[in-house]
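# Structural characterization, general
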2 protein chains.
Amino acid sequence: MKVSKEQMAENRERILDAAAARFRERGFDGIGVADLMKDAGLTHGGFYGHFASKEDLMAQAAARALANAGAGWQALADAAPDEALGRIVRSYLSAAHRDHPERGCAIAALGAEAARQGPAVRAAVTAGVRANVELLAGLMPGRGAARRRERAWAAYAALVGGIVLARAVDDAALSQEILDAVAQATAGAD
Amino acid sequence: MKVSKEQMAENRERILDAAAARFRERGFDGIGVADLMKDAGLTHGGFYGHFASKEDLMAQAAARALANAGAGWQALADAAPDEALGRIVRSYLSAAHRDHPERGCAIAALGAEAARQGPAVRAAVTAGVRANVELLAGLMPGRGAARRRERAWAAYAALVGGIVLARAVDDAALSQEILDAVAQATAGAD
DNA sequence: ATTATCTATAGATCTATAGATAATGC
DNA sequence: ATTATCTATAGATCTATAGATAATGC
């Protein structure tokens, strides 16, 4: 059942997309290679022709998810240059994002687990975070690049923590209160 | 090898403390019941005389870790009523906290995983978070309880996200930059 | 006699690999 | 002929339980 080189490249993309979604949804340990391959429409054994190991896949999936987040932020900024920060904050701290980790921020979904992984995952996360904070810094108000970068870290942290808290609690009203409060403080006054 | 009721209660405490530490260090899935029991100086099979299931232990360990955090914040507030918030922020966003998740904030270490757990864990986390944000709200500046509570959520989120980001990156200087930036924005101006 | 703990194991995972199969691409 | 994928399995986990053991506490 060999496939063309083109089809193989497409299969690889499907594995990566499935992994980026399932890892964010269930955690790195929450989904096995066999189920990921089934998700991509392939069988277990074929996996090791595409990736060296599960950790290799974890690193590449994390890089992809973080790059997608950056692209989404850039698109929001391009669509509304004057109110980019507010739009990013409202989109990040939305009920939709809270309820769909599989399409959302990889740091909020996997940050704590990523800190416990090997060098490849750590390096991918570091590069993704660095790129995203630089993007945010460019959208921040304030005079001086250092001040804007400091504010970008504060905003990034508030967003990540806000979604983690809003997902962790089991009370819908409390969860919404968290999203609203963090959004107000992050995009509001400051 | 039966032990006294007193000894049994002490054994149960040791299992809970070991679990609260190892879960924060390695994640809920990162440590098994057998290794936890070994950590507490007991054998695998005895576990189910103390707890109904691993999930039962996860819920109780999360509750304990969150209560410990609240007690630590309260102690800092009692020691320095005038600058309570600043001390809590600096202590939370310290290199020591970043480097020792096993003794640190359960939301930063386990929040994303907790969101994927069953009702018992979710309920324990919700109760702990609620108690801690109320404690923080009491220390916030601002006129009006609602405004103080909003600021408490924003601070809690920034702290959690700040530690998650600082732990996730593999560059020591970048990690310190994150801690400093979030601390400045959270305890500084506002 | 009761019961907290221990040893041993069932049954269900998981990652990774070996060897077979069958379609691509020289 | 090469190689992407498939089937099958090795070896190492993990949670939970059954039955044996031995010390407490009536």
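Source: prediction; values computed, not measured.

Conventions and cut-offs
- In every chain, residue numbers begin from 1 and rise along the written sequence.
- Whichever chain is written first is A, and whichever ligand is written first is 1; the rest continue in order.
- Predicted model: local features are reported for residues with pLDDT of at least 70 only, side-chain atom pairs are reported and counted for 80 or more only, and whole-chain, interface and lining totals are derived from all residues.
- Side-chain calculation: all heavy atoms of the structure are included, whereas hydrogens and water are not.
- For this overlay, a least-squares fit was computed on C-alpha atoms, restricted to residues scoring pLDDT of at least 70 in both copies.
- The contact criterion used throughout is that any non-hydrogen atoms of two residues lie within 4.5 Å.
- Nearness is judged by heavy atoms alone; a residue qualifies as near a molecule or strand once a single heavy atom is within 4 Å of it.
- Any pair of N or O atoms that falls within 3.5 Å is considered a polar contact. Within protein, one atom must be able to donate a hydrogen and the other to accept it, and sequence-neighbouring residues count only if both atoms are side-chain atoms.
- For this classification, Asp, Glu, Lys and Arg are treated as charged, while Ala, Val, Leu, Ile, Met, Phe, Trp, Tyr, Cys and Pro are nonpolar and the rest, including Gly, are polar.
- Stacked, tilted and edge-to-face are the three classes applied to pairs of Phe, Tyr and Trp rings, where Trp contributes its six-membered ring and a pair requires centres within 6.5 Å; stacked means planes under 30 degrees apart, edge-to-face means over 60, and tilted covers the rest.
- Numbering of helices and strands starts at the N terminus; helices are DSSP runs of H or I of at least 4 residues and strands are runs of E of at least 2.
- One side-chain nitrogen of Lys or Arg within 4 Å of one carboxyl oxygen of Asp or Glu is enough to make a salt bridge.
- With a 1.4 Å probe rolled over the protein chains alone, any residue whose accessible area is under 20% of its type maximum counts as buried; one over 50% counts as exposed, and the rest are partly exposed.

## Overview of the relation of the copies chain A and chain B
Overlaying chain A with chain B gives an RMSD of 0.0 Å, the required rotation being 180 degrees about an axis along which the chain moves by 0.0 Å. On this basis, the relationship between the two copies can be described by a two-fold rotation axis. A symmetric contact is evident, with 100% of the interface residues of chain A recurring at the interface of chain B.

## Overview of the protein's contact with DNA strand D
The immediate surroundings of DNA strand D are formed by 21 residues, with N11, T43 and H50 of chain A together with Y48 and K54 of chain B found nearest. Near the protein, meaning within 4 Å, the atoms of DNA strand D are sugar or phosphate in a fraction of 64%, with bases accounting for the rest. Measuring from a base nitrogen of DNA strand D, one finds a side-chain N or O atom of H44 of chain B at 3.2 Å. Taken together, the residues of the surface near DNA strand D break down into seven nonpolar, 10 polar and four charged.

## Things to note about the packing of aromatic side chains
Each aromatic ring pair is characterised by the separation of its centres together with the angle its planes make. Counting across every chain of the model gives 12 aromatic pairs over all chains. Plain terms: the ring middles of W73 of chain B and Y156 of chain B are 5.5 Å apart, the flat faces sit at 75 degrees to each other, and that makes the pair edge-to-face. Of this pair, W73 of chain B sits in helix α3 (residues 54–79) while Y156 of chain B sits in helix α8 (residues 145–168), and the two are 83 residues apart along the sequence. A network of ring pairs unites the aromatic residues W73, Y92, W153 and Y156 of chain A as a single cluster.

## Section: the pattern of salt bridges
Where charged atoms from two side chains of opposite charge come close, those side chains can pair. All names here are of chain A. Across all of its chains, the model carries 26 salt bridges over all chains by this definition. R98 is the partner of D99 in a salt bridge, and the nearest nitrogen-oxygen pair spans 2.9 Å. Of the residues examined, D99 reaches a relative accessible area of 45% and is grouped as partly exposed. A residue is classified by how much of its surface remains accessible, and R98, at 16% relative accessible area, is buried. A salt bridge links R149 to E134, with the nearest nitrogen and oxygen atoms 3.9 Å apart. Here E134 lies in helix α7 (residues 119–139) and R149 lies in helix α8 (residues 145–168), a separation of 15 residues in the sequence. Where salt bridges share partners, they join E13, D17 and R64 into one cluster.

The analysis is restricted to geometry; functional conclusions fall outside its scope.
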